[in-house]
Amino acid sequence: MYWKQIGSLIFLICVSFSVMGEEEFCPPIGVRLTSYGNYQESAWAHLSSIGVKYVFISVPPADQVADMMKKLNEHNLKVLVMRGEADLTQDSCVQQLEGQFQVCSQMDVHFLFLSAKRQETPKEVVYERLRRAGDVAEKYNVTIVLETHPDLGTNGDVQMETMKAINHPRVRVNFDTGNITFYNQNTDAVTELKKSISYVATLEFKDHTGEVDVWNFPALGQGKVNFPEILKVLKEHHYNGPITIEFEGVKGVELTEAQTKEAIESSVKYLHSLGCFK
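These lines cover the structure that appears in this document, whether it is placed above or below. Given the structure is predicted, the values throughout are model-derived calculations rather than measurements. (Residues numbered from 1 in each chain as written. Predicted model: local features only at pLDDT ≥ 70, side-chain atom pairs only at ≥ 80, totals over all residues. Heavy atoms only, no water.)

**Looking at the environment of Glu192**
Among the secondary structure elements, Glu192 is positioned in helix 8 (residues 189–196). Note on Glu192: relative accessible area 3%, which makes it buried. Note: C-alpha distance between Glu192 and Asn155 (37 residues apart in sequence) is 6.1 Å. When near neighbours in sequence (up to four residues on either side) are disregarded, Glu192 contacts Asn155, Gly156, Asp157, Phe175, Ile180 and Thr187. (Helix = DSSP H or I, 4+ residues; strand = E, 2+ residues; numbered from the N terminus. Buried < 20%, exposed > 50% of the residue type's maximum accessible area, 1.4 Å probe, protein only. Contact = heavy atoms within 4.5 Å.)

Here's what the structure looks like:
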């Protein structure tokens, strides 16, 4: 009897730790507002109606922050990530970014997304500018996240190269699951995420049909991206940062408002079916 009781106790402890481990992985999920295309104005009410609490938006002009905050509050939404703009070919980009960090701070947003384009500027020059931008971002408690775009974030290997060269805790990766197979051959999102996961601060969950340079980004769960395996990698690395859903559809195919909303709602339901999310 004694040993049976001990065995039962050990079993309960193991189950408790297992449940605790599951509860620890519960990142917030939001939707990128541009996913609504021409119907972004109706997105606000729709997101609330399908239980979404977070959004990804562009940085509003400083004189529109109050109105944006009011709109967010009216729809019980909070911003997870904001898209910034900076011309990295110009040294003034750091000053340009500071104003956007200020807006982030005002709105209690901690991640500024950048599609970093260096064009003909030497990598070392852009690295140095992003390093200085990271110093400024630190003052506002903001982390810059570089999108999965050529040529500073094309895939996991490039992301690692860029992160190690910049070597700044306030400059990290925004890992876009759909862009991996759009820009790269003979690999997939899971493979590349495993390479750069230690530098990933935000993720965009976007599906893709798998063909290089083919603009076909369906609702989540309808393409080739292996989201269950991606979530497994995130759990293993104790990731709890933002996850934002992005829907871009098929190039040249115009969807109605109802079809757009259906794709986004389907994506949200699919993701919730895979685990715990705020």
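Structure's up, so let's keep going.
**Side note on the sheet that holds strand 3 (residues 78–83)**
Taken in spatial order, the eight strands close into a barrel running 1-2-3-4-5-6-7-9, and their pairing is parallel. Adjacent strand axes in the sheet meet at a mean angle of 30° when their direction is disregarded. Pairing of strand 6 (residues 171–176) with strand 7 (residues 200–205), which is carried by four bridges, proceeds in the parallel orientation. By the bridge assignment for strand 7, Asp176 is matched with Glu204. Of the strands in this sheet, strand 3, strand 4 (111–114) and strand 5 (143–146) touch helix 4 (residues 93–106), which is tilted by about 140° from strand 4. Against the sheet, helix 5 (residues 123–139) contacts strand 4, strand 5 and strand 6, and its axis sits at roughly 145° relative to strand 5. (Pairing = 2+ DSSP bridges. Axes fitted to C-alpha atoms, helices over the stretch in contact; angles between N-to-C directions.)

**With respect to the nonpolar core**
Grouped together as the largest cluster of nonpolar side chains are 75 residues, with contacts concentrated most on Met107, Leu203, Phe205, Ile230 and Leu234. Every residue in contact with Met107, bar those within four places of it in the chain, is listed here: Ile57, Pro60, Val65, Met68, Met69, Leu72, Val79 and Met82. (Core = buried A, V, L, I, M, F, W, Y, C linked by side-chain atoms within 4.5 Å.)

**Description of the pattern of salt bridges**
Tallied over the entire structure, the rule returns 19 salt bridges. Here Glu41 ties to Lys71 by a salt bridge, and the two come within 2.6 Å at their closest N and O atoms. Of this pair, Glu41 sits in the loop between strand 1 (29–32) and helix 2 (43–49) while Lys71 sits in helix 3 (residues 65–74), and the two are 30 residues apart along the sequence. Its salt-bridge partner being Arg118, residue Asp151 comes within 2.8 Å of it at the nearest N-O pair. Of this pair, Asp151 sits in the loop between strand 5 and helix 6 (156–166) while Arg118 sits in the loop between strand 4 and helix 5, and the two are 33 residues apart along the sequence. Judged by relative accessible area, which is 30%, Asp151 ranks as partly exposed. (Salt bridge = Lys/Arg side-chain N within 4 Å of Asp/Glu carboxyl O.)

**Concerning the packing of aromatic side chains**
Taken as a whole and judged by the stated rule, the model has eight aromatic pairs. Ring plane angle 85° and centroid distance 5.8 Å describe the contact between Phe182 and Trp215, whose orientation is recorded as edge-to-face. One end of the pair, Phe182, is in helix 7 (residues 179–183); the other, Trp215, is in the loop between strand 7 and strand 8 (216–217), with 33 residues separating them in the sequence. On the accessibility criterion, Phe182 (9% relative accessible area) is buried. Classification of Trp215 as partly exposed rests on a relative accessible area of 35%. (Phe/Tyr/Trp six-rings, centres within 6.5 Å; stacked < 30°, edge-to-face > 60°.)

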